[in-house]
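Structural overview
What follows is each chain in one-letter form.
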Amino acid sequence: MAVRDDVLHLTNGDSTVDIMRRARIGGDIVPWRDVLHEGPVPALAPSELRPVRAQYLARLGPAGPEEIEAQLRARDERLDAALRAGEPVVLWFEHDLYDQLQLIQILARLPDRPTAVELICVGSFPGRPRFAGLGELEPAELASLWPARAAVTGEHVRAARAVWDVFRGPDPRALARAAATPEGRLPFLAPALRRLLEELPGARDGLGRTERAMLAAVAAGARTREQAFLATMASEEAPFMGDTIAFDRLARLGPLVEDDDGLRLSDAGAAVLEGRADRVALVGFDRSLGGMHLRAGDGLWRWDHERGALVAP
């Protein structure tokens, strides 16, 4: 367990921060706080990216863009200050898409030859067969990961920078190549990128994987947004999405789901779920994934879920 006070810990969110504090892990603990798998993440310098992310994140919750941008700036500046001072930095992350994108964003900011930066990144935990992340661990369980930390090297940084650039680029083919190329230093990254690609409109029905799972949950009897969300997360190998994003996805399906004293599929929703109609044709599509802005009518890339491959416009 860390007992030094001159350590900066970066991790995925507030729930993990709370557990780390209850575990009496010393030092300054900072949550990274950004759902990078949602909304635009263009190839901009950090100072230019912050307002873009703040504008998007503000539409998801009560905080305004100025407050969110200030939080992002404080987070970035805290890391930069630690790196300049040679303060030890420990990164605590897990295997899912949410965490892997945060991790490569941080690693890409490090110097070519980082010193005093260590990584804890896990995809499982003993006694938890359905491990869903650091935020579900007890304080003593989380503290037990401390000896597993490993030094971050220049190879980590180079690998992360390459994928961070691809993620922020406009070409899904480059993202698909990265998703098909295992990276030994970051073993959870390629599966996470593949999961991101599964959010593209499906080749058969126009549904992303999350949308399809939520419609299937409603068809199976989920009567509330919360029930549909829980069923959807239960279908994930590595759950990564919060309820706010999932509820937004459900709302964007518009006429495919009706709510009359409880959720149910409309005739159009049933047709889409069965592959007899196309979600994009019925509802449209306009979404940013990393550096890609995907819109119906612009030559929309799709994902063939059966073959696990991109389908060109």
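In the block above lies the structure referred to throughout.
Notes on the sheet that holds strand β1 (residues 8–11)
Judged by pairing direction, the sheet is mixed, and its 5 strands sit side by side in the order β2-β1-β4-β5-β6 without closing on themselves. Both outer strands of the open sheet, β2 (28–31) and β6 (150–151), are each paired with one neighbouring strand and no more. Here strand β4 (residues 89–94) runs beside strand β5 (residues 117–122); their pairing, made up of 6 bridges, is parallel. Bridging across to β5, E94 finds its partner in V122. Sheet strands in contact with helix α4 (residues 97–109) are β1, β4 and β5, and its direction is about 155° off that of β4.

So, the packing of aromatic side chains
Per the stated rule, a full pass over the model turns up 3 aromatic pairs. With 6.0 Å between their ring centres and 20° between their planes, W92 and W146 make a pair best called stacked. Taken together, the positions of W92 in strand β4 and W146 in the loop between α5 (139–143) and β6 put the pair 54 residues apart, joining distant regions of the chain. Neither residue differs from the other here; W92 and W146 are each classed as buried. Ring plane angle 70° and centroid distance 6.2 Å describe the contact between F229 and F247, whose orientation is recorded as edge-to-face. Taken as a pair, F229 in helix α10 (residues 225–234) and F247 in helix α11 (residues 243–252) lie far apart in primary sequence, 18 residues in all. This pair shows no difference in class: F229 is buried, exactly as F247 is. The lysine or arginine in question, R75, covers the ring of W32, its NZ or CZ lying 3.8 Å from the ring centre. Positioned over the ring face of F247 is R225, at 4.0 Å from the centre of the ring.

What to know about the sheet that holds strand β3 (residues 39–40)
Spatially, 3 strands are ordered β3-β9-β10 in an open sheet, and the strand pairing comes out mixed. Looking at strand neighbours, the two that pair on one side only are β3 and β10 (292–295), the edges of this open sheet. Alignment of strand β9 (residues 286–290) against β10, held across 4 bridges, turns out to be antiparallel. Across the sheet, residue L289 finds its bridge partner in β10, namely M292.

So, the nonpolar core
Judged by nonpolar contacts, the single largest core of 77 residues is most densely connected at L10 and L91. In terms of residues, this core owes the most to one element, α4, which gives 8 residues. The contacts of L10, once residues within four sequence positions are left out, are V30, W32, L79, V89, V90, L91, W92, F93 and I106.

Observations regarding the pairing of β10
Only one face of β10 is buried, namely the one carrying M292 and L294, since none of H293 and R295 on the opposite face is buried. Linking β9 back to β10 in an antiparallel pair, the connection comprises 1 residue.

With respect to helix α2 (residues 46–58)
Between its first and last C-alpha atoms α2 spans 18 Å; for 13 residues at 1.5 Å apiece the expected length is 18 Å, and the two agree. Those residues of α2 that sit buried are L49, R50, R53, A54, Y56, L57 and A58. In this fold, the buried residues of α2 make contact with β3, α3 (65–85), α4, α6 (154–167) and α11.

Description of the pattern of salt bridges
Counted under the stated rule, the structure contains 36 salt bridges. Linking R78 and E87 is a salt bridge whose minimum nitrogen-to-oxygen distance equals 2.9 Å. Judged by relative accessible area, which is 22%, R78 ranks as partly exposed. Look at E87 and you get buried, because its relative accessible area is 16%. Linking R195 and E236 is a salt bridge whose minimum nitrogen-to-oxygen distance equals 2.6 Å. With R195 in helix α8 (residues 189–197) and E236 in the loop between α10 and α11, the pair connects residues that are 41 residues apart, well separated along the chain. Its relative accessible area of 7% is what places R195 among the buried residues.

Conventions we followed
- Residues numbered from 1 in each chain as written.
- Predicted model: local features only at pLDDT ≥ 70, side-chain atom pairs only at ≥ 80, totals over all residues.
- Heavy atoms only, no water.
- Pairing = 2+ DSSP bridges.
- Helix = DSSP H or I, 4+ residues; strand = E, 2+ residues; numbered from the N terminus.
- Contact = heavy atoms within 4.5 Å.
- Axes fitted to C-alpha atoms, helices over the stretch in contact; angles between N-to-C directions.
- Phe/Tyr/Trp six-rings, centres within 6.5 Å; stacked < 30°, edge-to-face > 60°.
- Buried < 20%, exposed > 50% of the residue type's maximum accessible area, 1.4 Å probe, protein only.
- Lys NZ or Arg CZ within 6 Å of the ring centre and 35° of its normal.
- Core = buried A, V, L, I, M, F, W, Y, C linked by side-chain atoms within 4.5 Å.
- Expected span 1.5 Å × (residues − 1).
- Salt bridge = Lys/Arg side-chain N within 4 Å of Asp/Glu carboxyl O.

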